[in-house]
Amino acid sequence: MTEKKPTLYLIDASSYMYRAFYAMRQRLTAPDGTPTQAVYGFHQMLQKVLKDKRPERICVVYDPPGPTLRHAIYPDYKATRERMPEDLVVQVPLIKRMVDLLGIPSVEITGYEADDVIAALARKAVEAGMPVVIVSGDKDLHQLVREPHVIQWDPQRDEVFTGETVERKLGVRPEQVRDLLALMGDSSDNIPGVAGVGLKTAQNLLRQFGSLDQVLSRVEDIQSPALRKKIEEGKEAALLSRDLVTVREDAPVALEPDQCVVRPADTKALVEFFQSLGFRRFLDELAREAGDQALAAATEAPERRDRLVTDEKGLSLVLARIAEADVLSIDLETTSQDAMRADLVGVALCWKDHEAAYIPVGHTGEDAGQQIPPARTLDALRPLLEGDRPKKVGQNIKYEWVVLKRHGVELQGIDFDTMVASYLLDPGNPSHRLERIVAEHLGESKLRYSDVAGSGRNQIPFAQVPLEKAVDYACSDAETTYRLVPVLREKLQEAGLLDLMESLERPLIPVLARMEHKGIRIDAARLQELSKTLEEGLRKEEEVIHQIAGGPFNIQSPIQLRDVLFGKLQLPVIKKTKTGPSTDMSVLEELAALHPIAEHIVAYRSLAKLKNTYVDTLPKLIHPETGRIHTSYNQAVTATGRLSSSDPNLQNIPIRTEEGRRIREAFVPEEGCVLLAADYSQIELRIFAHYSGDERLVAAFSEGADIHRRTAAEMFGVPPHEVTPEMRRQAKTINFGIIYGMGPYGLAKQLRINQASAKAAIDRYFATYQGVKRWIEQVVEESRKRGYAETLLGRRRYLPELKSRNRNVRQQGERLAVNTTIQGTAADLIKKAMIDIDAAIRQEGLRTAMLLQVHDELVFEVPEDELDRVRTLVKDLMENVHPLSVPLVVDMGWGANWAEAHG
DNA sequence: AGGGATACGTAC
DNA sequence: GACGTACGTATCCCTC
């Protein structure tokens, strides 16, 4: 009997430095500005290894600076690699210091790459009877895998590479990996391989011959003459490549596997180190492990008392506790991100700091055991959920509302949403996920979904997560959310945003939830007919295009289209994209004058777009139970305060072309109802007029003039009735252009006039409406001073661009300041109108439902007998949503479908 | 095979 | 480089 030796973990440092550096989208810096994301990521990887495996033997292996043996064999080795980015270079010594402070042994040998050192250490370990785990995601290291002694593991993706998994991934056994790479080459390391041999061919060869040596010595046995020729010609390259990819085992490593023992960490120095880097999050972990009472008291939160509730007794205990609470944080665990399709898996609740419970109701894992059924759980919770008290808080609690509603519970008393709060504090931030919010506002790290359910291919549904982990995860989310509430509320208060939250965004949550839950009816048969028509049109256009081009090609491929237009047909390049000549609409419009193919491509594209994006897609999204389409309105996406719609996006349904309108004909009301559409007329220009106080602009709106005609008349100095359609078109373009901060260049392009005329037109516009110019300058200046643009109801968007020393960036900031003030104010107003209308509908007990919001338009499903009342009510509430110095005007239409409602 | 980047196009 | 805010689809490329 032999004594069982501890496993040696060998960590491939470089691969994790690079991965951590590139994986983190957000740039992380220490207080002094040093970039730190690679240090952070590396630490997380190390912690995962340490926590998951508690290794008794471990060693971090670095790549040495300077050339290695492989460069001596082949000067071009890794020649295509860019040098290490400067921002990463400065982090390498920090990582090394951190590893040292953590007490983890490490090694670096001049002239030998980390791979070789790992191989040498692995050999020593195996000889000593010690199992080895190579910690790396690199495929080059697959060649070292020898079960059962040596396996490879990638902690970040939680992937284990055994002989079997390597074979599944690469199609060859680990010992054949080097031959595989020798044949196919590796572009990232600039390994040539055999020209014309890729992964598939290399796999087939090795399957047939077993090894590269056999391939080369029995080259005459290769069936295909072409391949035989490639191999014969590529022999030298293959042998050289094999030398390069083969990991050597002879690196002069003095370190013995038994010496790779973790020493005690230098806690004091680590604390300072983490503090200097601003890693507050790691400090509490450190404290816990170090057992340092003083440090722990300062940084560590008391143990959370999570309860797993699986029986009636536990349930009533929790209910009793919550009954005394003021605030209840709710986090539902479900089977889907889509609230309309999600089934309940569990309910996490937190009602007090460090007091949370998880009630599993749909777990299917082996240990799921007894659970209280969903219906029973919800019935028990119903009085709490449907009452005003306790106050409900959550992270994107609209999701909870919709899921609960589908399960027969109508959530009441919504008091706070951490996602929405985070959004109001900084709408320019692209993420308002709990994980990020917690990091920013609590300075903590959070258990991630991948920590309990795995990641990548290994990820399992939450229902299969063992209860013990599920409790931990769900309760930590509920509790984190609970603790965020006062912090975020305070920050909103400080920023003067609390009123916006409480009077606008919070009341909007149930309104949006009701809209999503209600959905809109679609006439699928009508779309199917339309699909056939479009199909026919596409076929015809395709035939014509292929004929003109002199052969078939994929019109939908910009690359192939490029070859045809600018290669075969020699048409002039109008505009370039990053990768080559552009083929977009504006280019094709210009080319139409030169060649008939252009307009056919435009027609083809337009038909394909309609068919693929709308006509064929919408029917697939009809909900099996409701028979309707349920979009999701996101309240925390846009930088300006607008809503966005997704899954599907119902805010970009076509309207401008005839075929497009046909799609709106398929949006229909329920029997006995009509669709009512109410849209704000020129809301952004009216807001512009209000803010600028420009007399002429205000007068135009006050008199109910046709604003574009009026603008044309004033700019061109003619009476309104003499304005030609062309003059009106130009004025309209300018009116919109001004809102977006369009310059002479953009206007010239849009109007197809020269830049001088465009500039003259803009000058004339500003001369006509002098208040506009003044206001633009003023809003830019105020925004710069404040650091953010502000809307009518106090919404902010931070604009650091305004202080940039780069003129382009600064001008961009100026356009954003103007546009955000206008667009954001329009968003404020329609949101308030939605709240008011929803309240009135409920107050009056109407059966009318608000279905859609499209930025300046609301769509309702109205029972015929309510139409008169609802028309009046909607128009009145929208137009009087907030007093401005110009009237707000709402146009309304109704009918048997959305197209008709726009009549 | 599938994720990410790119190009394009729809809405307001 | 030049006009703001979104989302979705198809293609292409690569797999740190």
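Residues numbered from 1 in each chain as written. Chains lettered and ligands numbered in written order. Predicted model: local features only at pLDDT ≥ 70, side-chain atom pairs only at ≥ 80, totals over all residues. Heavy atoms only, no water.

Caption draft 1: Main features of the overall build of chain A. Counting secondary structure elements, chain A contains 38 helices and 23 strands. Each principal axis of the C-alpha distribution contributes one length, and for chain A these read about 100 × 80 × 55 Å. Counting over 903 residues, chain A shows a buried share of 51%. For chain A, the proportion of contacts with a sequence separation of at least 24, taken over those separated by at least 6, is 67%. (Helix = DSSP H or I, 4+ residues; strand = E, 2+ residues; numbered from the N terminus. Buried < 20%, exposed > 50% of the residue type's maximum accessible area, 1.4 Å probe, protein only. Contact = heavy atoms within 4.5 Å.)

Caption draft 2: Region of interest: the pairing of strand S21 (residues 849-853). A large share of S21 lies buried, amounting to 5 of its 5 residues. Bridge analysis of S21 against strand S22 (residues 857-863) gives 4 bridges, and the strand direction is antiparallel. Along S22, the bridge assignment pairs Gln853 with Leu858. Taking the residues between adjacent antiparallel strands as the criterion, S21 and S22 are bridged by 3 residues, where His855 takes a positive phi near 70 degrees. (Pairing = 2+ DSSP bridges.)

Caption draft 3: Representation of the protein's contact with DNA strand C. The environment of DNA strand C is made up of 39 residues, and the closest members are Ser557, Ala639, Met742, Gly743 and Gln750. Taking the atoms of DNA strand C that fall within 4 Å of the protein, sugar and phosphate contribute 64% of them. Between DNA strand C and Lys609, the relevant distance is 3.3 Å, taken from a base nitrogen to a side-chain nitrogen or oxygen of the residue. For DNA strand C, a base oxygen lies 3.2 Å from a polar atom in the side chain of Arg642. Mapped onto the surface near DNA strand C, the elements with two or more residues apiece are helix H1 (13-23), helix H25 (558-568), helix H27 (597-615), strand S16 (644-646), helix H33 (744-751) and helix H36 (807-843). For the surface near DNA strand C, the per-class residue count stands at 7 nonpolar, 24 polar and 8 charged. (Near = heavy atom within 4 Å. Polar contact = N/O pair within 3.5 Å; in protein donor to acceptor, adjacent residues only side chain to side chain. Nonpolar A, V, L, I, M, F, W, Y, C, P; charged D, E, K, R; others polar.)

Caption draft 4: Geometry of helix H12 (residues 235-245). Within H12 the residues assigned to the buried category are Ala238, Ser241, Arg242, Leu244 and Val245. Seen from one end, H12 has its buried residues packed into an arc of 160 degrees, which puts them on one side. Buried positions along H12 lie against helix H3 (69-73), helix H8 (177-184) and helix H10 (212-217). (Arc of directions from axis to C-beta.)

Caption draft 5: Structural view of the sheet that holds strand S18 (residues 673-680). Here 4 strands make up an open sheet; going across it, the order is S21-S22-S18-S23 and the pairing antiparallel. Looking along the sheet, the strands with just one partner apiece sit at the ends: S21 and strand S23 (890-895). Across the sheet, the mean angle from the axis of one strand to that of its neighbour is 20 degrees, orientation sign disregarded. The sheet contacts of H36 involve S18, S21 and S22, and relative to S22 the element is tilted by about 15 degrees. (Axes fitted to C-alpha atoms, helices over the stretch in contact; angles between N-to-C directions.)

Caption draft 6: Just the pattern of salt bridges, in detail. Using the criterion set out here, one finds 68 salt bridges in the structure. A salt bridge links Arg483 to Glu479, with the nearest nitrogen and oxygen atoms 2.8 Å apart. With Arg483 and Glu479 both in helix H22 (residues 467-495) and 4 residues apart, this pair spans about one turn of that helix. Across the pair, Glu479 and Arg483 agree in class, each one buried. (Salt bridge = Lys/Arg side-chain N within 4 Å of Asp/Glu carboxyl O.)

Caption draft 7: Fine view of the pairing of strand S2 (residues 57-61). Burial analysis of S2 places 5 of its 5 residues in the buried class, the great majority of the element. A two-sided burial pattern is seen for S2, the buried positions comprising Arg57, Cys59 and Val61 on one face and Ile58 and Val60 on the other. Where strand S1 (residues 8-12) meets S2, 5 bridges bridge the pair, whose relative direction is parallel. Across the sheet, residue Leu8 finds its bridge partner in S2, namely Arg57. Bridge analysis of S2 against strand S3 (residues 106-107) gives 2 bridges, and the strand direction is parallel. Among the inter-strand pairings, Val60 is bridged to a residue of S3, identified as Ser106.

Caption draft 8: Spotlight on the sheet that holds strand S13 (residues 520-522). Strand order in this open sheet of 3 strands is S14-S13-S17, and the pairing throughout is antiparallel. The sheet terminates laterally at strand S14 (628-629) and strand S17 (667-668), the two strands that pair on one side only. The pairing of S13 with S14 spans 2 bridges and is antiparallel. Note that in S14 the partner of Arg521 across the bridge is Arg628.

Caption draft 9: Here's a closer look at the packing of aromatic side chains. Across all of its chains, the model carries 13 aromatic pairs by this definition. Centroid distance Tyr765 to Phe766: 5.9 Å. Interplanar angle 80 degrees. Geometry classified as edge-to-face. Taken together, the aromatic side chains of Tyr40, Phe273, Phe274 and Phe279 make up a single cluster linked through ring pairs. Above the plane of the ring of Trp898 lies Arg664, whose end atom (NZ or CZ) is 4.0 Å from the centre. (Phe/Tyr/Trp six-rings, centres within 6.5 Å; stacked < 30°, edge-to-face > 60°. Lys NZ or Arg CZ within 6 Å of the ring centre and 35° of its normal.)

Caption draft 10: Just the protein's contact with DNA strand B, in detail. Close to DNA strand B lie 21 residues, the nearest being Thr583, Arg605, Arg642, Asn652 and Ile655. A distance of 2.9 Å separates a phosphate oxygen of DNA strand B from a polar atom in the side chain of Thr577. At a separation of 3.0 Å, a phosphate oxygen of DNA strand B approaches a polar backbone atom of Met585. With 3 residues, H27 is the largest single contributor of residues to the surface near DNA strand B. For the surface near DNA strand B, a count of residues per class yields 6 nonpolar, 7 polar and 8 charged.

Caption draft 11: Up close: the UniProt feature "domain: DNA-directed DNA polymerase family A palm" (unreviewed entry) in chain A. UniProt records the feature "domain: DNA-directed DNA polymerase family A palm" (unreviewed entry) for residues 660-866 in the present numbering. Along residues 660-866 the backbone is 60% helical and 14% strand, and the end-to-end C-alpha distance reaches 30 Å. (UniProt positions renumbered as here; feature names shortened; annotations may be inferred.)

Caption draft 12: Quick look at the environment of Arg815. Looking at where Arg815 falls in the secondary structure, it is placed in helix H36. Arg815 gets classed as partly exposed once you look at its relative accessible area, which sits at 33%. With sequence-adjacent residues up to four places away left out, Arg815 is seen in contact with Tyr740 and Gly741.

Caption draft 13: Summary view of the side chain of Thr820. Turning to its location among the elements, Thr820 is positioned in helix H36. Its relative accessible area of 2% is what places Thr820 among the buried residues.

Caption draft 14: Here's a closer look at the packing of helix H5 (residues 92-101) against helix H13 (residues 267-277). Contact pair H5 / H13: the axes reach a minimum separation of 10 Å and the direction vectors enclose 150 degrees. With respect to H13, the axis of H5 lies roughly antiparallel. Along this stretch, H5 crosses H13, giving a crossing that reads as left-handed. The residues of H13 that touch H5, namely those facing Leu94, Arg97, Met98 and Leu101, are Ala269, Leu270, Phe273, Phe274 and Leu277. Residues of the contact of H5 with H13, tallied by class, amount to 8 nonpolar, no polar and 1 charged. (Parallel < 35°, antiparallel > 145°, perpendicular 65-115°, else oblique. Left-handed = near helix turned anticlockwise from the far one by under 90°.)

Caption draft 15: Local environment of the domain arrangement of chain A. Domain annotation for chain A reports domain 1 (8-259), domain 2 (267-298), domain 3 (311-519), domain 4 (521-629) and domain 5 (695-768). Just the C-alpha atoms count here: the centres of domain 1 and domain 2 sit 33 Å apart. The partner domain 2 presents 12 residues to the 16 residues of domain 1 that form the contact. Of all residues in domain 1, the largest losses of buried area upon contact with domain 2 belong to Tyr40, His43 and Leu101, amounting jointly to 40% of the total for that side. Counting across the interface, domain 1 meets domain 2 through 0 salt bridges. There are 0 residue pairs in polar contact (both at pLDDT 80 or more) connecting domain 1 and domain 2. Elements that contribute at least two residues to the side of domain 1 that touches domain 2 include exactly helix H2 (37-53) and H5. Of all the elements, H2 adds the most residues to the side of domain 1 that touches domain 2, at 6 residues. (Domains from an automatic or database assignment. Buried area = accessible area lost by both parts, 1.4 Å probe.)

Caption draft 16: Region of the structure containing the environment of Ile109. The residue Ile109 is located in the loop between S3 and helix H6 (114-127) in this model. The spatial distance from the C-alpha of Ile109 to the C-alpha of Ser645 is 55 Å, given a sequence separation of 536 residues. Residues within four places of Ile109 in sequence aside, it is in contact with Pro64, Val117, Pro252 and Val253.

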